Amino acid sequence: MMIRYLIALILCTLLSCRVPVDDKIYNSGIHVIPEPNEMAIGQGVFTIDGSTTIYTETDEWNSETELLKGRLTNASGYDIKLSDKASGNSILLKKDKSLGREEYKVNVCEDSIELIASNGQGMFYAVQTLLQLLPAEVEIGHPSRFILSVPCVNISDSPRFRYRGLMIDPCRHFFSVDDLKRQLDVMAMLKMNRLHLHLTDNQGWRIAIDKYPQLVECSAVQETYNGKKYGPYYYTKEDIKDLVDYADRLHIDVIPEIEFPGHSLSALVAFPELSCTGGPFESEQVFGYEENVFCIGNDSVFTLMEDILREVAAMFPSKYLHIGGDECVKNRWRECQRCQALAKRLNLKPKDGHSVEEQLQSYGIKRMERFISGELGKRMIGWEEILEGGLPDEATVMSWKGTECGAKAASTGHDVVMASMADGLYLCSAQGADEVEPAAMGGQSYLKDVYAFEPVPAELAPDMHKHVIGTQACLWSEWTPDVDMLEFLLYPRLMAIAEVAWTLPEKKDWADFLRRLDNMQVRLDEKGIGYHIPIPEGELTTNKVFTEDSVVLAFTNSRSLPMVYTTDGSEPDAKSSILPSLLVLHEPCTLKVASLTAGGRLSNVRTLAVEKQKFLPAVKNKITDKVHLKLADGLFFNENDYEKAKFHTDTMITAIADYGKDKFDFKKPGLAVYTGYFEVPESGIYTFKSLADELWVGDKRVIYNPTSSRFYEKKTQIALEKGMHPFRLVFSNRLKEGFATCWYEIDFQYEPTTEPS
């Protein structure tokens with residue numbers, strides 16, 4: 001009796017702990033992403049409890065059934081049973097052969113739920129929609145003892161485009177199979193169906209090829225010129241099988257990309273004889289321009305590529321095989337006897353705006369397409385440059401610079417995937433102002449701009465719209481050193497891409513998308529997946545200087561989220577004071593500001609030193625009109641290293657520009673220190689910016705950039721008296737995360753600061 005009593009007591013306690021989550025603001029309403037194309041909302045809810053069962057009409061959907069059972073059991077705490085017949089309080093998985101491959105229906109009433117599809121892919125999407133109709137807490141990985149209810153609704157849905165993709169680049173920075181699986185899980189939630197893996201590039205060869213083990217032996221480790229190596233990093237055949245099988249269960253095709261003929265330095269490190277010059281070459285984690293490419297006039301290049309693609313095709317069941325084809329620098333071909341001899345044999349002459357070398361690329365691309373479609377039975381896809389000099393009829397074009405090239409290809413009957421950098425689909429671009437965001441690729445890609453993207457160009461004739469088969473987001477990884485930054489850049493912009501690819505334009509609604517995004521972000525929280533929250537902008541300097549009795553500050557963020565702040569140097573949290581539209585301060589302080597989501601998460605915190613300054617006096621007599629330059633050899637990573645420099649050169653130059661970026665080679669690291677004077681025309685508060693490592697004005701350090709600062713000129717304010725002021729500029733010549741500091745101007749700028757009214 002005592003045991004029964006204890007069991008009953010425990011059950012009552014558990015039941016009494018079941019709490020509703022529908023009162024959470026992020027769980028209100030329907031919050032499915034992507035937005036279904038047909039939906040009618042009814043009255044009432046279906047409640048999942050201990051009597052809920054799942055019944056399926058066919059064994060074809062065992063994996064989808066087990067997925068649903070497992071998720072509902074984990075989230076509800078009830079042991080959801082499978083039933084051999086339909087009954088009350090059931091979830092029914094039904095077959096309707098009239099529905100399309102990715103089409104599905106979800107019908108929810110108070111005593112039953114129907115999930116309807118013609119195949120596993122459609123049923124999988126029906127399950128994903130049902131899970132999103134539940135509160136966000138359904139994503140939790142253990143019994144949460146929440147009351148789970150589904151709103152009564154009728155959904156009939158199918159995608160606008162058949163290709164809904166994401167490209168991830170593991171060449172510049174590597175991501176493990178587990179890292180990629182995390183992203184596949186999110187893609188599945190969003191009904192995306194293509195993961196494009198960029199497996200080879202100048203900076204690394206990331207897939208093992210049995211016939212040519214030299215590829216990973218030579219190019220899975222990169223020189224960084226920073227005293228250490230990057231790697232070895234690559235995928236084994238077992239890794240690829242694991243990833244492909246996992247993606248297949250989520251109805252996602254994994255598309256491999258093997259670059260040809262450009263972006264091929266990693267292959268040339270192993271096989272320098274396949275270049276135009278004969279090498280030798282080194283595998284470097286250096287980003288940017290590379291003119292050494294495959295020698296198009298060397299037939300052995302095609303032998304190598306065909307051997308590689310045979311193995312790659314066997315690993316990836318996807319019907320697509322990506323050949324790259326972009327940004328092939330052709331300078332070597334112009335100088336190469338073999339390439340020019342091939343051009344002569346082919347009787348190539350400049351025509352239709354295409355150079356001989358562009359037509360050589362077309363020759364190579366067409367030859368590879370015949371192999372891919374013929375022997376391998378795959379469909380070749382490549383970046384838009386494969387159009388140069390003409391394109392095989394069966395090739396698919398990935399339009400990346402904008403939509404113009406895609407429109408041209410579609411108008412001639414080629415299938416096109418729109419991956420437009422100009423429209424924000426390069427998710428490696430910054431999501432806000434450069435001054436507050438982590439270092440990223442040039443340009444901004446705001447969530448709202450991504451959501452507004454239209455893949456079908458207005459100039460494309462209606463009868464050619466069918467050739468725009470979809471759209472794809474791309475994440476190049478130069479600025480993505482780990483999976484945390486990968487997810488910071490991917491989400492939530494990938495949610496916007498998913499809705500662009502799935503939902504009809506007339507069904508899209510930006511304000512409603514933001515409401516639904518609140519719920520999706522909580523789902524990511526439950527999965528332990530990171531995402532970007534707009535960082536407070538408006539004030540873009542590292543400090544705020546005032547000279548009078550008070551200062552007024554104004555912050556904004558790109559999604560108009562509420563912001564919280566502290567003035568005592570402590571970290572803000574969700575309970576901190578809400579930031580007013582204008583913040584008036586009368587005393588110096590350490591101000592910390594962050595944006596706040598509906599789920600209670602904070603953005604990266606902005607820290608500003610609010611400083612009341614007296615005008616820094618100008619010097620009475622400057623010592624010289626010239627710039628004093630000192631140079632030292634070696635690696636200098638931060639301020640501690642700068643103090644240890646042993647200078648071998650100590651001289652005077654006319655101006656900083658006299659010993660500028662062209663005097664430095666990042667492979668020969670060193671330190672340069674410039675000292676001199678500059679003049680301000682009037683007394684006032686001035687804002688300084690620089691890409692250099694340090695800038696000092698008088699005895700005050702106003703700029704400090706120990707890490708990568710590309711497109712990230714830190715801005716700092718200082719109050720200066722009219723006249724001449726001494727400066728010291730510290731420049732460390734080295735690679736910072738793969739980019740050479742000597743690729744950018746060595747200088748500083750300053751301008752008067754406009755005080756807000």
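The model shown is predicted, which means the values in this text are computed figures rather than measured ones. (Residues numbered from 1 in each chain as written. Predicted model: local features only at pLDDT ≥ 70, side-chain atom pairs only at ≥ 80, totals over all residues. Heavy atoms only, no water.)

## Description of the overall build of the protein chain
Our working definition: Labels follow the DSSP assignment, with helices taken as runs of H or I lasting at least four residues and strands as runs of E lasting at least two, numbered in each case from the N terminus. Only C-alpha atoms enter the radius of gyration; for comparison, a globular chain is expected to reach 2.2 Å times N to the power 0.38, where N is the number of residues. Note on definitions: a residue-residue contact is assigned when non-hydrogen atoms from the two residues lie within 4.5 Å.
Helices and strands together make up the secondary structure of the protein chain, namely 17 helices and 40 strands. For 757 residues, the compact-globule estimate of 2.2 N^0.38 gives 27 Å, and the C-alpha radius of gyration of the protein chain, at 30 Å, lies within 12% of that figure. Structurally, the protein chain occupies a C-alpha span of about 95 × 80 × 55 Å along its principal axes. The contacts of the protein chain with a sequence gap of at least 6 include a subset with a gap of at least 24, amounting to 73%.

## Side note on the pattern of salt bridges
Rule in force here: Any carboxyl oxygen of Asp or Glu within 4 Å of a side-chain nitrogen of Lys or Arg constitutes a salt bridge here. Throughout, exposure labels follow a simple rule: accessible area from a 1.4 Å probe, protein chains only, divided by the maximum for the residue type, with under 20% read as buried, over 50% as exposed, and the rest as partly exposed.
Applying the stated criterion to the full structure yields 43 salt bridges. Residue Asp-415 is joined to Arg-162 by a salt bridge in which the shortest nitrogen-to-oxygen separation is 3.3 Å. Separated by 253 residues along the polypeptide, Asp-415 in the loop between helix H12 (404-411) and strand S19 (416-418) and Arg-162 in the loop between strand S8 (146-157) and strand S9 (163-168) bring together distant segments of the chain. Residue Arg-162 is classed as partly exposed on the basis of its relative accessible area, which comes to 41%. In this structure, Arg-310 engages Asp-307 in a salt bridge whose closest nitrogen and oxygen atoms are separated by 2.9 Å. Here Arg-310 and its partner Asp-307 are both found in helix H8 (residues 299-315), three residues apart, which amounts to about one turn of the helix. Here Asp-307 falls in the buried class, since its relative accessible area comes to 11%.

## Re the pairing of strand S15 (residues 253-260)
Convention followed: At least two bridges found by DSSP between two strands is the condition for calling them paired.
Most of S15 sits out of view: seven of its eight residues are buried. Note that strand S10 (residues 194-198) and S15 share five bridges and pair parallel. Across the sheet, the residue bridging to Arg-194 is Asp-253, located in S15. Where S15 lies against strand S16 (residues 320-324), two bridges are found, and the strand directions are parallel. Bridge assignment links Phe-260 to a residue of S16, and that residue is Gly-324.

## Concerning the nonpolar core
What counts is decided by this rule: We define the nonpolar core as a collection of buried residues of types Ala, Val, Leu, Ile, Met, Phe, Trp, Tyr and Cys that are connected through side-chain atoms lying within 4.5 Å of one another.
Core analysis: the largest hydrophobic core is formed by 156 residues, its most contacted members being Leu-68, Ile-91, Leu-115, Ile-207, Phe-260, Leu-309 and Met-495. A per-element tally of this core places H8 first, with nine residues.

## Focus: the environment of Phe-161
Considering the arrangement of structural elements, one finds Phe-161 in the loop between S8 and S9. In this structure, the C-alpha to C-alpha distance between Phe-161 and Thr-471, residues 310 residues apart in sequence, is 7.8 Å. Aside from chain neighbours lying at most four places away, what touches Phe-161 is Pro-455, Val-456, Val-468, Ile-469, Gly-470, Val-500 and Ala-501.

## With respect to the side chain of Glu-64
Selection rule: Counting rule applied: Lys, Arg positive; Asp, Glu negative; His and chain ends not counted.
Tracing the backbone through its elements, the reader meets Glu-64 in helix H2 (residues 62-76). For the buried residue Glu-64, which engages in no salt bridge, the nearest side chain bearing the opposite charge is Arg-249, 9.8 Å off. Excluding its chain neighbours within four sequence positions, the residues that come into contact with Glu-64 are Gly-120, Met-123, Phe-124, Val-127 and His-251.

## A word on the sheet that holds strand S22 (residues 468-475)
Operational definition: Lines are fitted to the C-alpha atoms to define the axes, a helix being fitted only along its stretch in contact, and any angle between axes, read from their N-to-C directions, falls within 0 to 180 degrees.
Taken in spatial order, the eight strands close into a barrel running S9-S10-S15-S16-S17-S18-S19-S22, and their pairing is parallel. Here the strands of the sheet are splayed against their neighbours by 30° on average, with no regard to which way each runs. In this fold H12 packs onto strand S18 (396-399), S19 and S22, with an angle of close to 160° to the strand it touches most, S19.

## Observations concerning empty space enclosed by the protein
As a reminder of what qualifies: With a 1 Å grid spanning the protein atoms alone, the term cavity applies to any set of points in which a 1.4 Å probe fits but cannot get out, the term pocket to an open set with protein on both sides within 12 Å along at least five of seven lines, and the term lining residue to any residue with an atom within 4 Å of a point. Grid points are joined across faces, edges and corners, and a volume is the space filled by probe spheres set on the points. Side-chain classes are defined by residue name, with Ala, Val, Leu, Ile, Met, Phe, Trp, Tyr, Cys and Pro counting as nonpolar, Asp, Glu, Lys and Arg as charged, and the others, Gly among them, as polar.
One pass over the structure, following the stated rule, counts four cavities of 30 Å³ or more. Computed from the structure, the second largest cavity encloses a volume of approximately 50 Å³. Gln-431, Tyr-446, Leu-447, Pro-492, Arg-493, His-532, Pro-534, Ser-558 and Arg-559 are the residues that line the second largest cavity. Its residues assigned to classes, the lining of the second largest cavity comprises four nonpolar, three polar and two charged.

## So, H12
Buried residues of H12: Cys-405, Gly-406, Ala-407, Ala-409 and Ala-410, and no others. As for H12, its buried residues are in contact with S18, S19 and S22. Immediately beyond the C-terminal end of H12, within one or two residues, lies Gly-413, with a positive phi of roughly 95°.

## Some details on the pairing of strand S23 (residues 543-546)
Side chains Asn-543 and Val-545 project from S23 onto one buried face, and the interleaved Lys-544 and Phe-546 project onto a second face that is buried too. Alignment of S23 against strand S29 (residues 606-612), held across four bridges, turns out to be parallel. By the bridge assignment, Val-545 is partnered in S29 with Glu-611.

## Overview of the sheet that holds strand S36 (residues 714-720)
The strand order across the open sheet formed by three strands is S36-S33-S40, and the pairing between neighbours is antiparallel. For this open sheet the edge positions go to S36 and strand S40 (749-752), each flanked by a neighbour on one side alone. Taken over all neighbouring pairs, the strand axes of this sheet differ in orientation by 30° on average, direction set aside. Two elements, strand S33 (residues 684-690) and S40, share four bridges in a ladder whose sense is antiparallel. When the sheet's bridge partners are listed, Lys-689 is paired in S40 with Gln-749.

## Here's the deal with the packing of aromatic side chains
Where two aromatic rings form a pair, the distance of their centres and the angle of their planes describe that pair. Formally: Centres within 6.5 Å make a pair out of two Phe, Tyr or Trp rings, where for Trp the six-membered ring is used; the pair is then stacked when the planes are under 30 degrees apart, edge-to-face when over 60, and tilted otherwise. A ring is considered to have a charge above it if a Lys NZ or an Arg CZ atom is located within 6 Å of its centre and within 35 degrees of its normal.
Following the criterion strictly, the structure yields 32 aromatic pairs and no others. Ring plane angle 55° and centroid distance 5.5 Å describe the contact between Phe-287 and Phe-739, whose orientation is recorded as tilted. Of this pair, Phe-287 sits in the loop between helix H7 (265-270) and H8 while Phe-739 sits in strand S39 (residues 739-740), placing them 452 residues apart in sequence. Each member of the pair, Phe-287 as well as Phe-739, carries the same accessibility label: buried. Aromatic ring contacts, followed pair by pair, group Tyr-225, Phe-287, Trp-479, Phe-666, Phe-739 and Trp-743 into a single cluster. Between the NZ or CZ atom of Lys-191 and the centre of the ring of Trp-502, over which it lies, the distance is 5.7 Å. Just above the ring of Tyr-531 sits the side chain of Arg-601; from NZ or CZ to the centre is 4.8 Å.

## A look at the packing of H8 against helix H11 (residues 356-374)
The condition that has to hold: Definitions for this section: a left-handed crossing has its near helix turned counterclockwise from the far helix by less than a right angle. A right-handed crossing has that turn clockwise.
Two elements in contact, H8 and H11, have axes separated by 11 Å at closest approach and are oriented at 35°. The crossing of H8 and H11 is right-handed. Residues Asp-299, Phe-302, Met-305, Glu-306, Leu-309 and Arg-310 of H8 touch H11, and the partners they reach there are Tyr-363, Gly-364, Arg-367, Met-368, Phe-371 and Ile-372. Grouping the constituent residues of the contact of H8 with H11 by class yields seven nonpolar, one polar and four charged.

## With respect to the confidence of the model for the protein chain
Low pLDDT marks stretches whose predicted atomic positions should not be read closely. Keep this limit in mind: Per-residue confidence from the prediction method is given by pLDDT, with values spanning 0 to 100.
On average, residues of the protein chain carry a pLDDT of 93, and 95% of them reach 70 or more. Note on residues 1-18: pLDDT under 50 across the span, and nine contacts to partners over four residues away in sequence or across chains.

## Some words on the side chain of Gln-717
Note the threshold: Each polar contact in these results corresponds to two N or O atoms within 3.5 Å; when the atoms are within protein, one needs to be able to donate a hydrogen and the other to accept it, and residues that are neighboring in sequence are counted only if both atoms are side-chain atoms.
Tracing the sequence through the fold places Gln-717 in strand S36. Polar side-chain contacts of Gln-717 include one of 2.9 Å to the backbone nitrogen of Val-545. In contact with Gln-717, not counting residues within four places along its chain, are Thr-541, Asn-543, Lys-544, Val-545, Gln-613, Ile-685, Tyr-686, Thr-687 and Thr-753.

## So, the environment of Ser-732
Considering the arrangement of structural elements, one finds Ser-732 in strand S37 (residues 723-733). Residues Ser-732 and Val-673, 59 residues apart in the sequence, show an inter-C-alpha distance of 8.7 Å. Here Ser-732 is in contact with Phe-636, Tyr-642, Gly-670, Leu-671, Asp-693 and Thr-741, once residues within four sequence places are set aside.

## Here's the deal with the packing of helix H10 (residues 337-345) against H11
Defined as follows: In these notes the angle categories are as follows: under 35 degrees is roughly parallel, over 145 is roughly antiparallel, 65 to 115 is roughly perpendicular, and the rest is oblique.
Where H10 meets H11, the axes come as close as 10 Å, and the angle between the chain directions of the two elements is 85°. Between H10 and H11, the interaxial angle falls into the category roughly perpendicular. Residues Cys-339, Gln-340, Leu-342 and Ala-343 of H10 pack against Val-356, Glu-357, Leu-360 and Tyr-363 of H11. For the contact of H10 with H11, the per-class residue count stands at six nonpolar, one polar and one charged.

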